[in-house]
Amino acid sequence: MKQKDQFDNLEKHTQWGIDVLEKFIKFVKERTEIELSYAKQLRNLSKKYQPKKNSREEEEYRYTSARAFLATLNEMNDYAGQHEVISENMTSLITGELTRYVQELKQERKSHFHDGRKAQQHIETCWKQLEASKRRFERDCKEADRAQQYFEKMDADINVTKADVEKARQQAQLRHQMAEDSKAEYSSTLQKFNSEQHDHYYTHIPHIFQKIQEMEERRIVRIGESMKTFAEVDRQVIPIIGKCLDEITKAAESIDHKNDSQLVIEAFKSGFEPPGDVDFEDFTQPMKRTVSESSLSNSRGDGKSEPKFGGKSKGKLWPFIKKNKLMSLLTSPHQPPPPPPASASPSAVPNGPQSPKQQKEPLSHRFNEFMTSKPKIHCFRSLKRGLSLKLINLNTQVWSLIEGAGPEDFSNLPPEQRRKKLQQKVDELNRDIQKEMDQRDALTKMKDVYIKNPQMGDAASVDHRLAELGQNIEKLRLEVQKFEGWLAEVEGRLSMRSEARRQSGLYEAQNPSAVNSCAQDRESPDGSYTEEQSQETEMKVPATDFDDEFDDEEPLPTIGTCKALYTFEGQNEGTISVAEGEMLYVIEEDKGDGWTRIRRNEDEEGYVPTSYVEVYLDKNAKDVYKSLEKISE
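These numbers come from a predicted model, not from an experiment.

*Asks:* How do you make sense of the confidence of the model for the chain when you look at a structure like this?
*Replies:* Detail in the predicted coordinates should be disregarded across regions flagged by low pLDDT. Counting all residues, the mean pLDDT for the chain is 75, and 67% of those residues have values of 70 or more. Below a pLDDT of 50 lies the segment residues 343-404, which in the model reaches 124 contacts outside its immediate sequence neighbourhood of four places, other chains included. Here residues 513-552 scores under 50 on pLDDT; set against residues more than four positions off or in separate chains, the count is 82 contacts.

What follows is the structure in structure tokens.
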């Protein structure tokens, strides 16, 4: 029974050891789930803050700080990958291996305890046989003793017959013989039991206990090795995680605040000049204007029509208002345009009926007349400031209107921004040309292969695609030429303006007294403005400074394109010559008078008969143009 109790204790202990293994397996499995969940959350976090494609965020990653943040996101993605490696290694090296080992351990334990129970049952069976043999021997001895006593009693009794005595004697002898047989059997059984008991306690049970001990020791060693593996799996990824953290530190150290500031300056540099100083206006003396503050058409007492400068009337700033606004003052010719030529060759009638002279002169004529009739302008500083503030305010409104719907040449943007956009467009078109050329080269090689090996394919099957690629490349090259032309114009104007500013600075440095006396010359002692002929010799404004005011302004945006159906030679003021088949830009559609305003480039624009051109209007640009007119009004 004691051995049986020890077997029960060992069975409970070994079951506890298996439970510990299963508990550790469950612990590692939950750890792997946590690692996977953590890695997934890190990846989602990194993905959440990645820049969206084709969005404004992509442009923000030009800055070193934003690039460092992007590098941090990428490293966090790699960091998450290492946690996935931890999960995978723990699953394969610990969870999987221990699960298989537990199954083997359970089978081995079951076998050992089965052998132990079998040995226990065998020794118990031997013991029972010994007890049975012992009881038989004891019973036979008692029976033989009683038979002997009965025989002796019968033999002593004189009344008992001799036959009865003999019968009693035989019965006693039989019982004695049975007792002797039982004794011999008991002795044999006892020897056998003692031998079996010796083998049980000195051979079988120790051997079974030794196997159970070895099994338990292997279990303990295995769980220790699994715990070491648990630590080693983490330790193996530490160098890579450390490298990720080092890369994050390196990205943080690469942030250059000076470079970021310069990028901001380049991104938002408009190219506009800052406004000039505000002149002092003395209100302590009664002011009496000698110049009329009515419209431009008002004349002086002598009947001469001269624009007056003075005060804050918007009408007096007419030569300096935005070019688009000033050009809108010019209307198309009021007489009907010439009909399109009816001959087979439109070029044979170069102009048809002459278009009538405009009632309102073009900007160039008015400007030239103004400069020749007024060779001296005393000071433009205050006028320039008012004009600049007006233009800045107007441009702010315009940019908000034309966002996403600007003209093709980006004429709605400030000069510097326009130059950048045009340069980006040229680069993009060149990349597209390179792609098309690569495809063409690949198809050309394929065609050569087909020609040399007709069984591989028909060489004529790629001709259509090659022709399409050739047309696409030609179209893209024409687009590149168009945008490069606009880019050259913008860069030329920027360089001219820089030169004009340099010359203006040299002029002011050489004539400080003339500049300082500007405001004084504009007012008489009583506060009124005077324009005496004797003052004309005092100072002349450099033409570059005046022209610069107009060069800073952007032309009217295009609202579409047109194709010349016939040749038209515009010889009158306000008209422009076009050749048959020429493509031009529309900047003002027909307002019902039969004339359409077009532009060839920034220096050539004018009216042509609407019937001479086929117009293709861009709806978005047209709407923006109408909005511009409303704002300028």
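What follows continues from the structure just given.
*Asks:* I'm lost on the pairing of strand E1 (residues 560-564) in this one. Help?
*Replies:* Across a regular strand the side chains alternate sides, sitting on one face of the sheet and then on the other. Covered by surrounding structure in E1 are Gly560, Cys562 and Ala564 only, the residues Thr561 and Lys563 on the alternate face being uncovered. By the bridge criterion, 4 bridges tie E1 to strand E2 (residues 583-588) in an arrangement that is antiparallel. Within the sheet, the bridge partner assigned to Gly560 lies in E2 and is Val586. Sheet topology places E1 next to strand E5 (residues 613-617); 5 bridges connect them, and they run antiparallel. Counterpart to Thr561 in the pairing with E5 is Tyr616.

*Asks:* Looking at this structure, how should I read helix H5 (residues 257-268)?
*Replies:* An α-helical turn contains 3.6 residues, so a residue and the one three or four places further along point in the same direction. Compared with an ideal rise of 1.5 Å per residue, which puts 12 residues at 16 Å, H5 spans 17 Å between its outermost C-alpha atoms and is within 8% of the ideal. Measuring from the side-chain oxygen of the N-cap residue of H5 to the backbone nitrogen of Lys258 gives 3.1 Å; that N-cap residue is Asp256.

*Asks:* Before we go on, may I ask you to explain the sheet that holds E5 in this structure?
*Replies:* In a beta sheet, neighbouring strands are held together by backbone hydrogen bonds and run either parallel or antiparallel to one another. The strand order across the open sheet formed by 5 strands is E4-E3-E2-E1-E5, and the pairing between neighbours is antiparallel. Of all the strands in the sheet, just strand E4 (604-609) and E5 have a single pairing partner and so form its edges. Going from strand to strand, the sheet's axes swing by 40° on average, the running direction of each strand aside.

*Asks:* Hey, could you run me through the packing of aromatic side chains in this one?
*Replies:* The description of an aromatic ring pair uses the distance of the two centres, along with the angle that the planes make with each other. Taken as a whole and assessed by the stated rule, the structure comprises 11 aromatic pairs. When the ring of Phe137 is compared with that of Tyr186, the centres are 5.8 Å apart and the planes differ by 5°; the resulting orientation is stacked. Note that Phe137 is positioned in helix H3 (residues 64-156) and Tyr186 in helix H4 (residues 162-253), a separation of 49 residues in sequence. We note that Phe137, like Tyr186, is buried. Taking the centre distance of 5.7 Å and the plane angle of 75° together, the rings of Tyr566 and Tyr612 count as edge-to-face. Of this pair, Tyr566 sits in the loop between E1 and E2 while Tyr612 sits in the loop between E4 and E5, and the two are 46 residues apart along the sequence. Taken together, the aromatic side chains of Phe7, Phe113 and Phe209 make up a single cluster linked through ring pairs. Lying over the aromatic face of Tyr101, Arg222 brings its terminal NZ or CZ to 4.8 Å of the ring centre.

*Asks:* Can you help me understand the pairing of E4 in this one?
*Replies:* Sheet analysis places strand E3 (residues 595-601) next to E4, joined by 6 bridges and oriented antiparallel. Each bridged residue has a counterpart across the sheet, and for Asn601 the counterpart in E4 is Glu604. The antiparallel hairpin formed by E3 and E4 contains 2 residues in its connecting segment.

*Asks:* Hey, could you run me through the packing of H5 against helix H9 (residues 415-452) in this one?
*Replies:* A pair of packed helices can be characterised by two numbers: the angle between their axes and the separation between those axes. The interhelical angle for the contact between H5 and H9, taken along N-to-C directions, is 100°, at an axis separation of 7 Å. When the axes of H5 and H9 are compared, the pair comes out roughly perpendicular. Each of Glu266, Ala267 and Phe268 in H5 lies in contact with H9, whose residues at this interface are Glu416, Gln417 and Lys420.

*Asks:* Whenever I open this one, H3 confuses me. Can you help?
*Replies:* The terminal C-alpha atoms of H3 lie 135 Å apart, and with 93 residues this matches the ideal 138 Å at 1.5 Å per residue to within 8%. Where H3 bends most, the angle comes to about 35°, and this point is Thr91.

*Asks:* Explain the environment of Arg600 here, please?
*Replies:* Here Arg600 lies in strand E3. Separated by 23 residues in the primary sequence, Arg600 and Ser577 have C-alpha atoms spaced 9.8 Å apart. Here the side chain of Arg600 touches Glu582 through a polar contact of 2.6 Å, side chain to side chain.

The rules behind each value
- Positions within a chain are numbered from 1, following the residues in the order the chain's sequence is written.
- Reporting in this predicted model follows two pLDDT cut-offs: at least 70 for local features of residues, and 80 or more for side-chain atom pairs to be given and counted; totals over whole chains, interfaces and linings ignore these cut-offs and use all residues.
- Derived side-chain values reflect all non-hydrogen atoms in the structure, with water molecules and hydrogen atoms excluded from consideration.
- pLDDT runs from 0 to 100 and stands for how confident the predictor is about each residue.
- In what follows, residue pairs with any heavy atoms lying within 4.5 Å of each other are defined as contacts.
- Only protein chains enter the area calculation, which uses a 1.4 Å probe; residues under 20% of their type maximum are buried, those over 50% are exposed, and those in between are partly exposed.
- Under the scheme used here, helices are H or I runs from DSSP no shorter than 4 residues and strands are E runs no shorter than 2 residues, and both carry numbers assigned from the N terminus.
- Should DSSP find at least two bridges between two strands, the strands are regarded as paired.
- Given the number of residues in a helix, its expected span is that number minus one, multiplied by 1.5 Å.
- Any pair of N or O atoms that falls within 3.5 Å is considered a polar contact. Within protein, one atom must be able to donate a hydrogen and the other to accept it, and sequence-neighbouring residues count only if both atoms are side-chain atoms.
- As a rule, the C-alpha atoms of each element are fitted with a line to give its axis, helices using only the stretch in contact, and angles between N-to-C directions run from 0 to 180 degrees.
- To pair, rings of Phe, Tyr and Trp, with the six-membered ring standing in for Trp, must have centres within 6.5 Å; the planes then decide the type, stacked if under 30 degrees apart, edge-to-face if over 60, and tilted in the middle.
- Over a ring means this: the NZ of a Lys or the CZ of an Arg is within 6 Å of the ring centre and within 35 degrees of the ring normal.
- With respect to orientation, any angle under 35 degrees is reported as roughly parallel, any angle over 145 as roughly antiparallel, any angle of 65 to 115 as roughly perpendicular, and every other angle as oblique.
- What the bend at a residue measures is the angle between two axes, fitted to the seven residues ending there and to the seven starting there.

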